[in-house]
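Per-entry structural report
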Amino acid sequence: VQLQASGGGLVQTGGSLRLSCAASGRTFTSYAMAWFRQVPGKEREFVAAINWSGGSTYYADSVKGRFTISRDNAKNTVYLQMNSLKPEDTAVYYCAARSTRGVYTTTSASGYNYWGQGTHVTVSS
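Overview of the structure.

1. Considerations on the packing of aromatic side chains
Considering all chains together, one arrives at seven aromatic pairs under this definition. An aromatic cluster of three or more residues is present, and its members are F36, F46, Y58, Y94, Y112 and W115. Its guanidinium or amino end placed over the ring of F28, R71 lies 4.3 Å from that ring's centre, counting from NZ or CZ. Positioned above the aromatic ring of W52, the side-chain terminus of R101 is 3.9 Å from the ring centre.

Written out as structure tokens, the structure reads:
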């Protein structure tokens, strides 16, 4: 599966952004999807994950209550709605796919088979 992330940009503290990740190739519903983020010099950090149907989600504590992951299987797209953004949310955000209809709560980057190219999010203070 090929992944294309978009929607990043510059926003002020407290603002909102919605990231999108469009998938092409093999059957989208064969994959759990996730968002990760990375800042220079640090490891890629798990943000949120969603199971193949969209019925179950899982979040990092740092974004719980502020971010919402969702997917539209008819459009082969996963979203990350980010509200109440903070400067510490500044990072490159990546979408990822894991070939499973089972466990979707994998928080390690090594557990994902496919990655998008990343989209930059900058939150100014």
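Picking up where we left off.
2. Things to note about the pattern of salt bridges
On inspection of all chains with the given rule, the structure shows four salt bridges. Of the charged contacts in the structure, one is a salt bridge between R66 and D89, with a shortest N-O distance of 2.7 Å. Remark: D89 occurs in the loop between β8 (77-82) and β9 (91-99) and R66 occurs in the loop between β6 (57-59) and β7 (67-72); sequence separation between them is 23 residues. In this pair, the class of R66 matches that of D89, namely buried. A cluster of three or more residues bridged by salt bridges with shared partners is formed by R37, E45, R66 and D89.

Calculation notes
- Residues numbered from 1 in each chain as written.
- Predicted model: local features only at pLDDT ≥ 70, side-chain atom pairs only at ≥ 80, totals over all residues.
- Heavy atoms only, no water.
- Phe/Tyr/Trp six-rings, centres within 6.5 Å; stacked < 30°, edge-to-face > 60°.
- Lys NZ or Arg CZ within 6 Å of the ring centre and 35° of its normal.
- Salt bridge = Lys/Arg side-chain N within 4 Å of Asp/Glu carboxyl O.
- Helix = DSSP H or I, 4+ residues; strand = E, 2+ residues; numbered from the N terminus.
- Buried < 20%, exposed > 50% of the residue type's maximum accessible area, 1.4 Å probe, protein only.

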